[in-house]
Each structure stands twice: as structure tokens, then as C-alpha cells.
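Examining the three-dimensional arrangement
Residue-level listing of the chains:
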Amino acid sequence: MKKILRGVCMLAVVALAFTSCKKNDTQKEGIRFSGTTENFVVNTADEERAYIGSNGNNNTFFEANDQIMVYNLNSDDATHTNYGIYWTDKAGHQVDWFYSSGTVINHNPVETALFAFYPAEIVNNARLWEGENEAMFEIVDHQEYRKYGNQVVLPKTTLCMAAADTVAAGVDEKEFQFRNIMGGLWLRLTDTQSRTITSIVYEDNTFNVTGRVHVKIDKVNPDVLLTLLNNYGQPGNAEAIAAYISESGYFVDDAHAALKGKVITLNCGDGVQLNPNTPQHFMITLRPVAAYDGFKLTFNFTEGEPVVYDYNGLEPMTRMIRPNQFLRLTRNVAEL
């Protein structure tokens, strides 16, 4: 019977770290998984008109040579936990995954639960056994503007997805339904001066948005996390969050490239020229709860002074970044 690996919509407020692997020459080794993405929701409460995506849709998709990390996790004895890294040879909303490397090829029998993370390159398993199923993820302080075809998309290796099945007895057929665990800021910018943007700096007023995140995978309860997020700022919720953080082993350090901080810079390469009429799109991936207390944007140009924009529009719960949701703003930078 097919086992659907149900999506983990808030499998920690996590993002990146370092694990590399070499693609296997054969696609027949190990279990063959399939995976499906979900569509982003766009918060347009700040705008007069609602637009659906820069190309007409908000579908997330996998890219050729993307990788996922699959855990066969034992919550009683972490030394029995194993992982496999899988890759896909095509792009799409639904793709097949093939074994590449890891400590396990065949995930049968299932220990306590199956977990999967995308992309595998962001996951650090150095403390998986010593730390009792602890994984590390690193949110870096720089992102790269990019297009996929003609569409502006989120920076590479920042769109984190996860899936889990805590009741699977086996994996005779494997279909992962991935859920987005990060959100994003989507800017649609024009400029009457037609300047060229070289970078956009996001600075949160309150929350750290970068750093290496530690969490015990088997202690993360997606239902509890979603409830805590939806009740953020309500009486008694801070105590509940503190208790859950303690239980899940969640903390953030400032090791290596991801120094803990409130700033993320979107680098725009050779620059993106703005114009008065047609908006140019810019996307920055952000952790949930970011923007709750507002934020500052600094627009840097090839020539002239930067433009600084302090944003505190909307109510905190409305502008707050949520999993699988864009906060979209349309602005003329000459008017900021």
C-alpha cells in the first residue's frame, strides 16, 4: 500500500548547512522515491491589486540535479538512525529521486519515522548520533538574485521543504508530499529614475534571520509548531514557545559562514535595471516570524546614494512571514 509522507509545514524554523555528496552513476541502486511540491500563497493585503506570480502562477518546483536528505529515524536510539541522499535528473512539480550516497541504501524496515528535507546540501549531520538525532541547518546572510528561464525565483538552496511519516511500517511505494517551511518577501519595483539595483539589504527590527540552527528532528511536532505560530503574540504563547524550544533542543549559534544576525543581503550580480512602468521582481527567502515587528530595506544602485525604506505597514500578525507564504510589496523606489 502506498505510503504518503505527509508534509511538515513547520519542521523547525530552519534553513542551511553543509553536506556534499557525489551523484551515483546508476539510477537503480537503492529505493526510488517520488516527490511533489506545493504552491505558495501570496499575501497582497498591502496592495490595491492582486497579482498571481510574476509569470501567472506560484508553483514551486524541483530542478534537475537537486538533492533530498531522507532519514530513517529511531527516536529511542539515535545510533540506529540512518540517512540517504537522493537526486533527481529532471525538473518539475513532481519528480523521481534516485540514491546517491549516505549511510543507508534501503530504508526498510522503518525505525520510528521517515523524514525528508530539501535540499540535502543544507543539512549537516555531524551531530546526528552524538546529539540524539540532532540536525543542523544554516541560514546564511547572503542570497543571490536569479532567474529560472525568464522567471525570477527564490535564491538557490534557500527554499527549504520537508516531509514526514510517523506511522509508516514500510516503504514499498514512496511518495513524498513536500511542504515549504520557509516564507519570503516578494518585491515588485519600479523607478522613475531608471536606476540599476546592485543589491537589496533586508534588516529585521527584532528577529535574527541568519545563523546555524540546531534541532532534534524527532522532537519537532508540526501541529504544535503551527499552532504556536498562529497564536504568536497572544497571552501565554511566549511560555508555550519557550517550553517547546526546550523540548526540541532548538538553538542558534553563529558558527562558520552564517553569523547570527538580523541582516540578509540579496546580491543582484551585474545589476537589474528598473523602469517607470514594468515592475522588476526580487525575492528574498525568510524564516517564519520574520517581519513581525517590521523591517528596513536598503536599495543599493550602481550610481548615486542608496534608498532606505522602513516598513511597518499592516498589523504584525498580517505582515509576519509564514511558511509557504510570500509578503508581496509593489513600490516605486523614487517615492520611498
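Values in this document were obtained by computation on a predicted structure and should not be read as measured data. (Residues numbered from 1 in each chain as written. Predicted model: local features only at pLDDT ≥ 70, side-chain atom pairs only at ≥ 80, totals over all residues. Heavy atoms only, no water.)

**A closer look at the sheet that holds strand β16 (residues 183–190)**
- Here we have four strands laid out as an open sheet, ordered β3-β24-β16-β21, and mixed in their pairing. Edge strands, defined here as strands with exactly one partner in the open sheet, are β3 (41–43) and β21 (280–286). Each strand axis lies, on average, 25° off the axis of its neighbour in the sheet, ignoring direction.
- Of the strand pairs in this sheet, β16 and β21 are connected by seven bridges, and their pairing is antiparallel. Along β21, the bridge assignment pairs G184 with T285. (Pairing = 2+ DSSP bridges. Helix = DSSP H or I, 4+ residues; strand = E, 2+ residues; numbered from the N terminus. Axes fitted to C-alpha atoms, helices over the stretch in contact; angles between N-to-C directions.)

**A closer look at the pattern of salt bridges**
- Inspection of every chain in the model, using the stated rule, returns nine salt bridges.
- With a closest N to O distance of 3.6 Å, E130 and R127 form a salt bridge.
- E130 gets classed as exposed once you look at its relative accessible area, which sits at 64%.
- Residue classification places R127 among the partly exposed positions, given a relative accessible area of 29%.
- With its nearest N and O atoms 2.9 Å apart, the salt bridge here joins R195 to D191.
- One continuous salt-bridge network, built from bridges that share partners, spans E63, D66, R146 and K156. (Salt bridge = Lys/Arg side-chain N within 4 Å of Asp/Glu carboxyl O. Buried < 20%, exposed > 50% of the residue type's maximum accessible area, 1.4 Å probe, protein only.)

**Let's talk about the nonpolar core**
- Core analysis: the largest hydrophobic core is formed by 50 residues, its most contacted members being I200, Y202, F282 and F299.
- Setting aside chain neighbours within four positions, we find Y202 in contact with L185, V209, K262, V263, I264, I284, L286, A290, A291, F295, K296 and L297.
- Counting 25 residues, the second largest nonpolar core, distinct from the first, contains I85, F117, V123 and A162. (Core = buried A, V, L, I, M, F, W, Y, C linked by side-chain atoms within 4.5 Å. Contact = heavy atoms within 4.5 Å.)

**A short note on unusual backbone geometry**
- In this structure, P119 follows Y118 across a cis peptide bond, with omega equal to -5°.
- Inspection of the secondary structure assignment puts P119 in the loop between β7 (113–118) and β8 (123–124).
- The phi torsion at N65 lies on the positive side, around 75°, for a residue other than glycine.
- By the element assignment, N65 lies in the loop between β3 and β4 (67–73).
- The class of N65 is partly exposed, set by a relative accessible area of 42%.
- Positive phi values are uncommon outside glycine, yet N133 reaches one of about 65°.

**Brief notes about the confidence of the model for the protein**
- In this model, the protein carries a mean pLDDT of 80, and residues with pLDDT of at least 70 account for 80%.
- Scored below 50 in pLDDT, residues 1–29 makes 121 contacts in the model with residues more than four places away or belonging to other chains.
- Per-residue pLDDT stays below 50 along residues 49–56; that stretch engages in 15 contacts with residues further than four places along the chain or on separate chains. (pLDDT = per-residue confidence, 0-100.)

**Side note on the sheet that holds strand β18 (residues 211–216)**
- Spatially, the four strands line up as an open sheet ordered β8-β9-β18-β19, and their pairing is antiparallel. Since the sheet does not close on itself, it has two edges, and those belong to β8 and β19 (251–253), each with one partner.
- With three bridges connecting them, β18 and β19 associate as antiparallel partners. What sits directly across from R212, in β19, is D253.

**Quick look at the packing of aromatic side chains**
- Under the counting rule described, the total for this entry stands at 18 aromatic pairs.
- With a centroid separation of 5.8 Å and an interplanar angle of 55°, the aromatic rings of W87 and F98 are classed as tilted. With W87 in strand β5 (residues 82–87) and F98 in strand β6 (residues 94–102), this pair connects stretches of sequence that are 11 residues apart. Comparing W87 with F98 shows no difference in burial state: the two are buried. (Phe/Tyr/Trp six-rings, centres within 6.5 Å; stacked < 30°, edge-to-face > 60°.)

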